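# What the coordinates show
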Amino acid sequence: MENTLSNLINMIRATLLYLTNNAAALAGILNFPPAKATADNKLVLIDQLTQISEGTSRGVTLDTNAIRQAMTLIAFHLCSALRVYAADTANNTLMLKIRYTLSDFQLMKKEEIDDICQTIHDEADANIAAAGGYGYVASDVTDLQTAIDLYRTSMQNPRQAIISKTQAIKQIKLISRDIADNSFKERIDNMVNTLYTSNPVFVSGYRQAREIIDLGTTRAKVRGTIKDPNDVPLIGVTFTMRITGQLNKTAET
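Residues numbered from 1 in each chain as written. Predicted model: local features only at pLDDT ≥ 70, side-chain atom pairs only at ≥ 80, totals over all residues. Heavy atoms only, no water.

Of the regular secondary structure elements, the protein holds 10 helices and two strands. For the C-alpha atoms alone, the extent of the protein along its principal axes is close to 70 × 55 × 30 Å. Taken over 253 residues, the protein has a buried fraction of 42%. Of the contacts made within the protein by residues no fewer than 6 positions apart, 69% connect residues no fewer than 24 positions apart. For the protein, the exposed surface amounts to about 14,300 Å²; the carbon and sulfur share of it is 52%. Within the protein, one finds 26 positive and 26 negative side-chain charges whose respective centroids are separated by 4 Å. (Helix = DSSP H or I, 4+ residues; strand = E, 2+ residues; numbered from the N terminus. Buried < 20%, exposed > 50% of the residue type's maximum accessible area, 1.4 Å probe, protein only. Contact = heavy atoms within 4.5 Å. Areas by Shrake-Rupley, 256 points an atom, 1.4 Å probe, with all protein chains shown as cover. Lys, Arg positive; Asp, Glu negative; His and termini not counted. Charge placed at Lys NZ, Arg CZ, Asp CG, Glu CD.)

Below is the structure:
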């Protein structure tokens, strides 16, 4: 993954971690939890797409449970907005298609939830011109499709086309910019700014987390011999280095 994108994702991860560790500071702002949850769900998609972009979609092990959780919450968000729109316009046909509650999603069988989410995606996409003003945007619709595709890939669904590395990287870029520009800049940044006077220490820490740090390129050499338990040298071993606690590869040989 290119340095610029890695630096952006590191900023997103650091900011969300800071918000998690300091959740009490924003406890009085009712719109903060759903705004952060949206960003958290998108980061899940980034992590899973990173697995594909740095390996092969057939060879990686995706976290089905994490993807399902993110997919469910994005679908529920769209459902909620569409239900208000359907009620306001007396659109009973639409209401029947998106009548699901969060509990309904949690009880759905693993083989059916992706198809139901696909229906919700299609309705959200078809009605975005009129229903978009009820609480969702085009990127939410796109993110749900990405989540569905990842879920089907993780389930090895034969109907799911393989997600290529190029497609994965493209989606990572789009989702990362969406978090930075919409979740952070347009929403969470402004919520944090309301605490500038009452909690300046928290605000200062948040702004530090929001800075994109250019890690640049570091070069080093690693030498050694990899052996099996019987002290016999192994041949054809793949050596991989990653940032601690992250999926991003820094080197592989």
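Our focus in this paragraph is the packing of aromatic side chains. According to the stated counting rule, one finds three aromatic pairs in the structure shown. Summarising the aromatic geometry, the rings of Y18 and F202 are spaced 5.5 Å apart at their centres and angled 20° between planes, so their arrangement reads as stacked. Pair noted here: Y18 is in helix α1 (residues 3-21) and F202 is in helix α10 (residues 200-209), with a separation of 184 residues, a long-range link. Here F202 falls in the buried class, since its relative accessible area comes to 4%. Pairing Y85 with Y134 gives two aromatic rings, centres 5.6 Å apart and planes at 70°, and the pair type is edge-to-face. Here the residue Y85 occupies a position in helix α3 (residues 64-88), and Y134 occupies one in the loop between α7 (128-131) and α8 (138-154), the gap between them amounting to 49 residues. The exposure class of Y134 is partly exposed, given its relative accessible area of 31%. (Phe/Tyr/Trp six-rings, centres within 6.5 Å; stacked < 30°, edge-to-face > 60°.)

Turning our eyes to something else, we now look at α8. Because an α-helix packs 3.6 residues into every turn, residues spaced three or four apart end up facing the same way. If you check α8, its first and last C-alpha atoms are 25 Å apart, about what 17 residues at 1.5 Å a residue would give, namely 24 Å. In terms of burial, α8 is largely enclosed, as 14 of its 17 residues are buried. At the exit of α8 stands Q156, carrying a positive phi of roughly 55°. (Expected span 1.5 Å × (residues − 1).)

Right, let's get into the environment of A14. You can see A14 is positioned in helix α1. A14 sits 224 residues away from T238 along the chain, and the two C-alpha atoms are 29 Å apart.

Moving on: the side chain of D178. Here D178 lies in helix α9 (residues 165-193). Separated by 2.9 Å, the side chains of D178 and K42 make a polar contact. For D178, the side chain forms a polar contact with the side chain of N182, separated by 2.3 Å. Setting aside chain neighbours within four positions, we find D178 in contact with K42, S139, D143 and S183. (Polar contact = N/O pair within 3.5 Å; in protein donor to acceptor, adjacent residues only side chain to side chain.)

The subject of this paragraph is the nonpolar core. Ranked by internal contacts, the top residues of the largest apolar core, which has 62 residues, are F105, I120, L144 and F184. Of all the secondary structure elements, the ones that give two or more residues to this core are α1, α2 (32-53), α3, α6 (113-126), α8, α9 and α10. Examining the composition of this core, we find that 11 residues originate from one element, α3, more than from any other. Those residues within four positions of I120 in sequence are excluded, and the remaining contacts are A75, L78, C79, L82, I98, Y100, F105 and L144. (Core = buried A, V, L, I, M, F, W, Y, C linked by side-chain atoms within 4.5 Å.)

Our next topic: the environment of K227. For K227, the location among the structural elements is in the loop between α10 and β1 (240-242). Each C-alpha atom of the pair K227 and T15 lies 40 Å from the other, and the pair is 212 residues apart in sequence. Other than its neighbours up to four places away in sequence, K227 contacts V232, P233 and L234.

Another point: the packing of α2 against α3. Two quantities define a packed helix pair, namely the angle between the axes and the distance from one axis to the other. Packing of α2 against α3 leaves a shortest axis separation of 9 Å and a crossing angle of 140°. As judged from the angle between their axes, α2 and α3 are oblique. Considering the relative orientation of α2 and α3, their crossing is left-handed. Contact residues: N41, V44, L45 and Q48 in α2; A66, I67, A70, L73 and I74 in α3. (Axes fitted to C-alpha atoms, helices over the stretch in contact; angles between N-to-C directions. Parallel < 35°, antiparallel > 145°, perpendicular 65-115°, else oblique. Left-handed = near helix turned anticlockwise from the far one by under 90°.)

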